[in-house]
Amino acid sequence: MGISAIVCHELGHIIVYSFIGEKPKRVSLSVEGMRITLQNRPIRLKRDIFALAAGSLANIAIFMILHMLGGNSEISQIALVQLFVGLFNLLPVGALDGGMILKRLCGRISNYRLQRIVCRIVSLAVIIPLFLFSAYLSVYIHNFTLLITTIFLFITFLKDQN
């Protein structure tokens, strides 16, 4: 279920980048997820943000379609995975789509040091409450999935700071 949501997500990016005339040079799989490498041409900010959000928009659209179809619990689970992948990738942290969108928007700030500070504060404002919530789930519900994911996010956040 998760793999299909990720593939749909990345296809959303590829379709929109191709639509705006920026064909991907390479698509690769890494520990951090799928990476789409583009040509080294500048893209206008609005188009770039739209293409970065397109993966999540694809997931959310699939969620809505599956939710309208309703039916059995398996379809509902697939729909929720699509929604989770789409919303998760919009978090303004590190290499996630939301983090890339945040960097593009902060790039409008002329002072580079201020750009980095704003990005760090926003990312930490998401990671810290998410970590606390995931720790709560781990202790009281014995679900460690979100905690592991949050730790991964924090590691990518630290890696992104270098």
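Residues numbered from 1 in each chain as written. Predicted model: local features only at pLDDT ≥ 70, side-chain atom pairs only at ≥ 80, totals over all residues. Heavy atoms only, no water.

### Observations regarding the overall build of the chain
Moving on, step 1. Broken down by element type, the chain carries six helices and two strands.
Moving on, step 2. Seen in sequence order, the chain has helices and strands lined up from the N terminus as α-β-β-α-α-α-α-α.
Moving on, step 3. For 162 residues, the compact-globule formula gives about 15 Å, and the C-alpha radius of gyration of the chain, at 17 Å, lands near that figure.
Moving on, step 4. C-alpha atoms of the chain, sized along the principal axes, occupy 50 × 35 × 25 Å.
Moving on, step 5. Across the 162 residues that make up the chain, the buried fraction comes to 33%.
Moving on, step 6. Accessible area of the chain: about 10,200 Å², with a carbon and sulfur share of 69%.
Moving on, step 7. Distance from the positive charge centre (15 side chains) to the negative charge centre (7 side chains) of the chain: 11 Å. (Helix = DSSP H or I, 4+ residues; strand = E, 2+ residues; numbered from the N terminus. Rg over C-alpha atoms; globule rule 2.2 N^0.38 Å. Buried < 20%, exposed > 50% of the residue type's maximum accessible area, 1.4 Å probe, protein only. Areas by Shrake-Rupley, 256 points an atom, 1.4 Å probe, with all protein chains shown as cover. Lys, Arg positive; Asp, Glu negative; His and termini not counted. Charge placed at Lys NZ, Arg CZ, Asp CG, Glu CD.)

### Let's talk about the packing of aromatic side chains
Two aromatic rings are characterised by how far apart their centres lie and by the angle between their planes.
Moving on, step 1. Tallied over the entire structure, the rule returns three aromatic pairs.
Moving on, step 2. Consider the rings of Phe-84 and Phe-88, whose centres lie 5.6 Å apart with planes at 25°: the pair is stacked. Taken together, the residues Phe-84 and Phe-88, both in helix H3 (residues 73-89) and four residues apart, mark about one turn of the helix.
Moving on, step 3. Measuring from ring centre to ring centre gives 6.1 Å for Phe-154 and Phe-157, while their planes differ by 25°; the resulting arrangement is stacked. Of the two residues, Phe-154 and Phe-157 are both situated in helix H6 (residues 145-161); the distance of three residues between them amounts to about one turn of the helix.
Moving on, step 4. Owing to a relative accessible area of 5%, Phe-157 belongs among the buried residues under this scheme. (Phe/Tyr/Trp six-rings, centres within 6.5 Å; stacked < 30°, edge-to-face > 60°.)

### Focus: the packing of helix H5 (residues 112-140) against H6
Think of two packed helices as two axes; the pair is described by the angle between the axes and how far apart they sit.
Moving on, step 1. Between H5 and H6, whose axes approach to 8 Å, the crossing angle comes to 160°. As the angle between them shows, H5 and H6 are arranged roughly antiparallel. Every pair of crossing elements has a handedness; the one defined by H5 and H6 is left-handed. Note on element contacts: H6 touches H5 through Leu-146, Leu-147, Thr-150, Leu-153, Phe-154, Phe-157, Asp-160 and Gln-161, opposite Arg-116, Arg-120, Ser-123, Leu-124, Ile-127, Leu-130, Phe-131, Phe-133, Ser-134, Ala-135, Leu-137 and Ser-138.
Moving on, step 2. Per-class residue counts for the contact of H5 with H6 are 12 nonpolar, five polar and three charged. (Axes fitted to C-alpha atoms, helices over the stretch in contact; angles between N-to-C directions. Parallel < 35°, antiparallel > 145°, perpendicular 65-115°, else oblique. Left-handed = near helix turned anticlockwise from the far one by under 90°. Contact = heavy atoms within 4.5 Å. Nonpolar A, V, L, I, M, F, W, Y, C, P; charged D, E, K, R; others polar.)

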